[in-house]
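Here is what each chain is made of, one letter per residue.
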Amino acid sequence: MDREQAWVILNEYTRNPALVRHGQCVEASMRHYALLLGGDEEQWAIAGLLHDFDYERWPDPADHTKQGARILREQGCDEEIITAICSHVPWNEDKFPRDTSIRKALFAVDELSGFIYACALVRPQQMEGLTAKSVTKKIKQKSFAAAVSRADIVRGAELLELPLAEHITNCIAAINKIAADVDLVSSP
Ligand SMILES: [Fe+2]
Ligand SMILES: [Fe+2]
């Protein structure tokens, strides 16, 4: 499976544009970490892009990632990608532990990429000039994007053995590269 096929699958199963953009942001962060950590960029990118592709149709914990894995297997997707996707949800931790760099990275960038997206959305300049410092401030503000697990963001940085600020900086840099694709640029 290549990126183009993955993109078609994501859009086939996901109607909500915000969820498609979430996939794109996580993909961008995965590419960034593949380059930093010596992973296979295309593989990591597809894992990021598709990690939630089954969520809209099957949001139930019993199904999310399970249905996706079944579909991806039918499409001949790489097991490395499928198992990484399975590892991003808490209920799969026993079966798919986050013990490889692709799994660690996917878990680490998932919530944080969503959070950075939320931070950019409320700024007039959107992604432009967004700093790790201001994202950190928002993390401490419990009422902001309350659905995003702060504990998971912290745990992600720990998994990657990076200071949180550095991890945030990395994901900001990654999402900056695709800001226009996910409509996170300020209107003139
Ligand atoms: Fe998910
Ligand atoms: Fe996600």
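Right, let's walk through the structure included here.

About the criteria used
- Residues numbered from 1 in each chain as written.
- Chains lettered and ligands numbered in written order.
- Predicted model: local features only at pLDDT ≥ 70, side-chain atom pairs only at ≥ 80, totals over all residues.
- Helix = DSSP H or I, 4+ residues; strand = E, 2+ residues; numbered from the N terminus.
- Rg over C-alpha atoms; globule rule 2.2 N^0.38 Å.
- Buried ≥ 20, exposed ≤ 12 C-beta atoms within 10 Å, placed from the backbone.
- Contact = placed C-beta atoms within 7 Å.
- Core = buried A, V, L, I, M, F, W, Y, C linked by C-beta atoms within 7 Å.
- Axes fitted to C-alpha atoms, helices over the stretch in contact; angles between N-to-C directions.
- Parallel < 35°, antiparallel > 145°, perpendicular 65-115°, else oblique.
- Left-handed = near helix turned anticlockwise from the far one by under 90°.
- Nonpolar A, V, L, I, M, F, W, Y, C, P; charged D, E, K, R; others polar.

1. Things to note about the overall build of the protein
Reasoning step 1: Counting its regular elements, the protein contains 9 helices and 0 strands.
Reasoning step 2: Sequence-ordered secondary structure for the protein, helices as α and strands as β, is α-α-α-α-α-α-α-α-α.
Reasoning step 3: Taking 2.2 N^0.38 as the reference for a compact globule, 188 residues should give roughly 16 Å; the C-alpha atoms of the protein span a radius of gyration of 15 Å, in line with that estimate.
Reasoning step 4: Taken along its principal axes, the extent of the C-alpha atoms in the protein is 45 × 35 × 30 Å.
Reasoning step 5: Buried positions account for 43% of the 188 residues belonging to the protein.
Reasoning step 6: The contacts of the protein with a sequence gap of at least 6 include a subset with a gap of at least 24, amounting to 66%.

2. Quick notes on unusual backbone geometry
Reasoning step 1: Unlike most non-glycine residues, Glu-161 shows phi in positive territory, near 55°.
Reasoning step 2: Note that Glu-161 resides in the loop between α8 (150–159) and α9 (164–177).
Reasoning step 3: With 8 C-beta atoms packed within 10 Å, Glu-161 lands in the exposed category.
Reasoning step 4: Notably, Asp-183 is not glycine yet its phi reads approximately 60°, a positive angle.
Reasoning step 5: Its location among the elements puts Asp-183 in the segment after α9.
Reasoning step 6: On the basis of neighbour count, Asp-183 is assigned to the exposed category, with 12 C-beta atoms found within 10 Å.

3. Describing the nonpolar core
As a rule of thumb, soluble globular proteins bury nonpolar side chains together.
Reasoning step 1: Ranked by internal contacts, the top residues of the largest apolar core, which has 50 residues, are Met-30, Ala-47, Leu-50, Ala-105, Val-109 and Ile-116.
Reasoning step 2: Taken together, the elements giving at least two residues each to this core come down to α1 (3–13), α2 (17–37), α3 (41–50), α5 (79–86), α6 (101–121) and α9.
Reasoning step 3: Considering every element that reaches this core, the biggest residue donor is α6, with 12 residues.
Reasoning step 4: Those residues in contact with Ala-105 that lie beyond four places of it in its chain are Met-30, Tyr-33, Leu-37, Trp-44 and Leu-160.

4. Here's the deal with the packing of α6 against α9
Reasoning step 1: Put simply, α6 and α9 touch, their axes get as near as 10 Å, and they point 65° apart. The angle between α6 and α9 places the two elements in the roughly perpendicular class. Pair α6 / α9 crosses with right-handed handedness. Residues Ala-108, Val-109, Leu-112, Ser-113 and Ile-116 of α6 lie in contact with α9, whose contacting residues are His-167, Ile-168, Cys-171, Ile-172 and Ile-175.
Reasoning step 2: Of the residues assigned to the contact of α6 with α9, the class counts are 8 nonpolar, 2 polar and no charged.

5. Observations regarding the environment of Lys-177
Reasoning step 1: Looking at the element boundaries, Lys-177 is found in helix α9.
Reasoning step 2: By C-beta crowding, Lys-177 is classed as exposed, having 12 other C-beta atoms within 10 Å.
Reasoning step 3: On a C-alpha basis, the gap between Lys-177 and Ala-108 in space is 19 Å, while along the polypeptide they are 69 residues apart.

6. Remarks on α5
Reasoning step 1: When α5 is considered as a whole, its buried residues turn out to be Ile-81, Ile-82, Ala-84, Ile-85 and Cys-86.
Reasoning step 2: On the buried face of α5, the contacting elements are α3, α4 (66–74) and α6.

Treat this as a map of the structure, not an account of what it does.
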